Each structure stands twice: as C-alpha cells, then as structure tokens.
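Examination of the molecular architecture
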Amino acid sequence: SQTIHQWPATLVQPVGSPLSLECTVEGTSNPNLYWYRQAAGRGLQLLFYSVGIGQISSEVPQNLSASRPQDRQFILSSKKLLLSDSGFYLCAWSVGLNNQPQHFGDGTRLSIL
Amino acid sequence: GDSVTQMEGPVTLSEEAFLTINCTYTATGYPSLFWYVQYPGEGLQLLLKATKADDKGSNKGFEATYRKETTSFHLEKGSVQVSDSAVYFCARQACALRTSGGSYIPTFGRGTSLIVHP
C-alpha cells in the first residue's frame, strides 16, 4: 500500500533562518506531489505542485521554494524565514487522474519566533 | 475562476443529531467532488467522493450526492457522534491547464468545523 511521510512534525525557527521540510511517498511511481499551507482557522493554500522530477509549478509568489530531486521526494525550502511563514504545512500526492483523491501527510507545524 | 463555497462554521450539535454541511461548486470542466475530514493536528483524509452527476458517495455513515442542477454536494449524516468532531473540507477537481501542462489541481472550500457534544 502507499504511504506518505512528512518530517519534522513540529519545528520552531527564528526569523531569518533557513528551512527544509521533506516529504517522501512509498508504494507508487511518478505521483503528482503538492505542498499546501494551512493558516490557523483557515483553508488550504496550494504553494507548489510537481508532475515529475525537476518539474515544479509555483502557485503563489513568496520566499519559499520547492524541489523534487527524486521521483517520490518533495522538499520545501526557504533561505530566510519570515514571521508570516508560520503555519501548518501539508504534503500530498495523487495519481493525477480526475476521479482520484489526494493523499495527505500528517503535516508539519512551523512556528517562527 | 473555479471555486467551492462551504457553510461557515463552527457547527455545534448534540450527539445523535442530524448533520448537514452545505457545499456548492463551480461546474466548469466536469469536476469530480470530494469531502475530506481533518482531525486535530493531522492531515486531511478522504471521507467520500462522487465523480459524475447523481452519484452518491458514502462512508462511515456520511453521504453526499452530486447535484448538477443545483451545483451542490452537501454532506449529511443521520446521527453524529462525539468522534465525528473535526474540520470537513469540500473539494472539486478537474483538469486545469497550466504552463507546465494539464494537471488535476483540486480547489478546496475553507472548511467547516464540526463540534459534537455528548
């Protein structure tokens, strides 16, 4: 069966520090991969998605970036964190078909001090 | 653009009460429709789905019917339990053309918090 792993589960970082969140998927090949941010009490904001290795689409301008160095690995990064980067970050994968859902990781709670 | 509108929360109910959470969507692109559930501190989980008009999705006592004529996909449950307390997200998904090619990007509603009291 397919599984998705996200880490770390929680992270406290100072303003201006770098960030690296990692997501890996097991049990499937060539998944579509997604990064979302969920601010407190609000819905999901799509940050990046990828349909293949090295292919990254950005949905919103920001100081975050994403990379997909391997088929089932998706990394969210920042060189300098802002206070506004605080939130709950979710990674998800799908098979890329209209009638198939997304599968989410357990999320990373990021607090910026 | 594509959108999903959910009723504002929180919805507060007593155990065994009837639940309805309203959801309407934009109909462009013949979307599939989904309900996801998010328990505190966790990611979203698929609750149910429907892929064409008049389909009914169901799971764990929850149901939703794909209504094309009213562009609605309301979530219902006949008797809620305390363990159903969570945030519920409605989503539509259809092919979207991007500069990188076509891809199925879901559009989520803002979520509706459900609180069930004993």
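First, a word on scope: everything that follows refers to the structure included in this document.

Turning next to the overall build of chain A. Along its length, chain A carries zero helices and 11 strands. For 113 residues, the compact-globule estimate of 2.2 N^0.38 gives 13 Å, and chain A sits close to it at 13 Å. Dimensions along the principal axes, computed over C-alpha positions, put chain A at roughly 40 × 30 × 25 Å. For chain A, the residues scored as buried account for 49% of the 113 residues in total. Considering only intrachain contacts with a sequence separation of at least 6, the fraction spanning at least 24 residues in chain A is 54%. Entry remark: accessible area of chain A is about 5,200 Å², with carbon and sulfur atoms responsible for 52%. Charged side chains of chain A number 7 positive and 6 negative; the gap between the two group centres comes to 9 Å.

A word on the interface of chain B and chain A. Where interface size is quoted, it is often the accessible area lost as the parts come together. Between chain B and chain A, the contact holds 24 residues from the first and 24 residues from the second. Overall, the association of chain B and chain A removes approximately 1,900 Å² of surface from exposure, summing both partners, and the carbon and sulfur fraction of that is 50%. On the chain B side of the interface with chain A, the three residues burying the most area are B:Leu44, B:Tyr104 and B:Arg110, jointly 25% of the side's total. The interface formed by chain B and chain A holds zero salt bridges in total. Between chain B and chain A we count four residue pairs in polar contact (both at pLDDT 80 or more) in total. Ranked by residues supplied to the side of chain B that touches chain A, first place goes to strand β11 (residues 101-108) of chain B with five residues. Here the side of chain B that touches chain A is composed, by residue class, of 12 nonpolar, eight polar and four charged.

Moving on: the sheet that holds strand β3 (residues 19-21) of chain B. All names here are of chain B. Taken in spatial order, the four strands line up as β3-β9-β8-β7 in an open sheet, and their pairing is antiparallel. A strand with exactly one partner marks an edge of an open sheet, and here the two such strands are β3 and β7 (56-59). With direction set aside, neighbouring strand axes in the sheet form an average angle of 15°.

Attention now goes to the sheet that holds strand β8 (residues 73-78) of chain A. Residues and elements named next belong to chain A. With antiparallel pairing, the four strands of this open sheet are ordered in space as β1-β3-β8-β7. The open sheet has two edge strands, β1 (3-7) and β7 (64-70), and neither has a second partner. The mean inter-strand angle of the sheet, taken between neighbouring strand axes irrespective of direction, is 15°. Of the strand pairs in this sheet, β7 and β8 are connected by five bridges, and their pairing is antiparallel. Residue pairing in the sheet places Ala 66 in a bridge with Leu 76 of β8.

To continue, consider the nonpolar core. All names here are of chain B. In terms of nonpolar packing, the biggest core is built from 24 residues, with Leu 19, Trp 35, Leu 48, Phe 73, Leu 75 and Tyr 88 touching the most fellow members. Elements supplying a minimum of two residues to this core: β2 (11-14), β3, β4 (23-25), β5 (32-38), β6 (44-50), β8 (62-65), β10 (86-98) and β12 (112-117). In contact with Leu 75, other than residues within four places in its own chain, are Leu 19, Thr 20, Ile 21, Trp 35, Leu 47, Leu 48, Phe 62, Glu 63, Ala 64 and Tyr 88.

Before going further, it helps to spend a moment on the packing of aromatic side chains. Counted according to the given criterion, the structure contains 11 aromatic pairs over all chains. Judged by centre distance (5.7 Å) and plane angle (75°), the ring pair of B:Tyr25 and B:Tyr66 falls under edge-to-face. Residue B:Tyr25 is located in strand β4, and its partner B:Tyr66 is located in the loop between β8 and β9 (75-77); the two are separated by 41 residues in the primary sequence. Under the relative-accessibility criterion, B:Tyr25 is labelled buried at 6%. Through successive ring pairs, a cluster of aromatic residues spans A:Tyr34, A:Tyr36, A:Tyr49, A:Phe104, B:Phe34, B:Tyr36 and B:Phe108.

Basis of the calculations
- Residues numbered from 1 in each chain as written.
- Chains lettered and ligands numbered in written order.
- Predicted model: local features only at pLDDT ≥ 70, side-chain atom pairs only at ≥ 80, totals over all residues.
- Heavy atoms only, no water.
- Helix = DSSP H or I, 4+ residues; strand = E, 2+ residues; numbered from the N terminus.
- Rg over C-alpha atoms; globule rule 2.2 N^0.38 Å.
- Buried < 20%, exposed > 50% of the residue type's maximum accessible area, 1.4 Å probe, protein only.
- Contact = heavy atoms within 4.5 Å.
- Areas by Shrake-Rupley, 256 points an atom, 1.4 Å probe, with all protein chains shown as cover.
- Lys, Arg positive; Asp, Glu negative; His and termini not counted.
- Charge placed at Lys NZ, Arg CZ, Asp CG, Glu CD.
- Buried area = accessible area lost by both parts, 1.4 Å probe.
- Salt bridge = Lys/Arg side-chain N within 4 Å of Asp/Glu carboxyl O.
- Polar contact = N/O pair within 3.5 Å; in protein donor to acceptor, adjacent residues only side chain to side chain.
- Nonpolar A, V, L, I, M, F, W, Y, C, P; charged D, E, K, R; others polar.
- Pairing = 2+ DSSP bridges.
- Axes fitted to C-alpha atoms, helices over the stretch in contact; angles between N-to-C directions.
- Core = buried A, V, L, I, M, F, W, Y, C linked by side-chain atoms within 4.5 Å.
- Phe/Tyr/Trp six-rings, centres within 6.5 Å; stacked < 30°, edge-to-face > 60°.

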